[in-house]
Amino acid sequence: MKKNFLLRDIPSALHRELKLAAVRQQITMRELILRLMADHVEKRGAGHGR
């Protein structure tokens, strides 16, 4: 598994959707992705990790 996550790893269609969502919320793509990841972890519960 890769340790370094890069925006270029995101497929172009998803990248475009994320960029538009970030613009609508007036935040950076980085901040949007971090929020989405935090929400995902919170919904799954912290105990579901490996």
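Residues numbered from 1 in each chain as written. Predicted model: local features only at pLDDT ≥ 70, side-chain atom pairs only at ≥ 80, totals over all residues. Heavy atoms only, no water.

S.K.: What am I meant to see in helix H1 (residues 12–25) here?
M.R.: When the terminal C-alpha atoms of H1 are compared, their 20 Å separation across 14 residues agrees well with the 20 Å that a helix rising 1.5 Å per residue should span. For H1, the set of buried residues is Leu18, Ala21 and Ala22. Viewed end-on, H1 has its buried residues packed into an arc of 100 degrees, placing them on one side of the element. Among the exposed residues of H1, those pointing more than 90 degrees away from its buried face are Ser12, Val23 and Arg24. In the core, the buried residues of H1 are packed alongside helix H2 (29–44). Taken from the residues just after H1, Gln26 is the one with a positive phi, measuring 55 degrees. (Helix = DSSP H or I, 4+ residues; strand = E, 2+ residues; numbered from the N terminus. Expected span 1.5 Å × (residues − 1). Buried < 20%, exposed > 50% of the residue type's maximum accessible area, 1.4 Å probe, protein only. Arc of directions from axis to C-beta. Contact = heavy atoms within 4.5 Å.)

S.K.: Could you clarify how one ought to interpret the pattern of salt bridges in this entry?
M.R.: Where charged atoms from two side chains of opposite charge approach closely, those side chains can pair. Evaluated as defined, the whole model comprises 1 salt bridge. Residues Glu31 and Arg35 are paired through a salt bridge, measuring 2.7 Å at the closest nitrogen-oxygen approach. With Glu31 and Arg35 both in helix H2 and 4 residues apart, the pair spans about one turn of that helix. Owing to a relative accessible area of 32%, Glu31 belongs among the partly exposed residues under this scheme. Residue classification places Arg35 among the partly exposed residues on the basis of a relative accessible area of 39%. (Salt bridge = Lys/Arg side-chain N within 4 Å of Asp/Glu carboxyl O.)

S.K.: What am I meant to see in the nonpolar core here?
M.R.: In summary, soluble globular proteins display a tendency toward joint burial of nonpolar side chains. By size, the foremost hydrophobic cluster in this structure holds 8 residues: Ile10, Leu18, Ala21, Ala22, Ile27, Met29, Leu32 and Ile33. Put simply, the parts of the chain that give this core at least two residues each are H1 and H2. For Leu18, the contacting residues outside a window of four places in its chain are Ile10, Met29, Leu32, Ile33 and Leu36. (Core = buried A, V, L, I, M, F, W, Y, C linked by side-chain atoms within 4.5 Å.)

S.K.: Whenever I open this one, the environment of Leu7 confuses me. Can you help?
M.R.: Note that Leu7 resides in the segment before H1. Leu7 sits 26 residues away from Ile33 along the chain, and the two C-alpha atoms are 9.8 Å apart. Ignoring any residue separated from it by four or fewer positions in sequence, one finds Leu7 in contact with His15, Met29 and Ile33.

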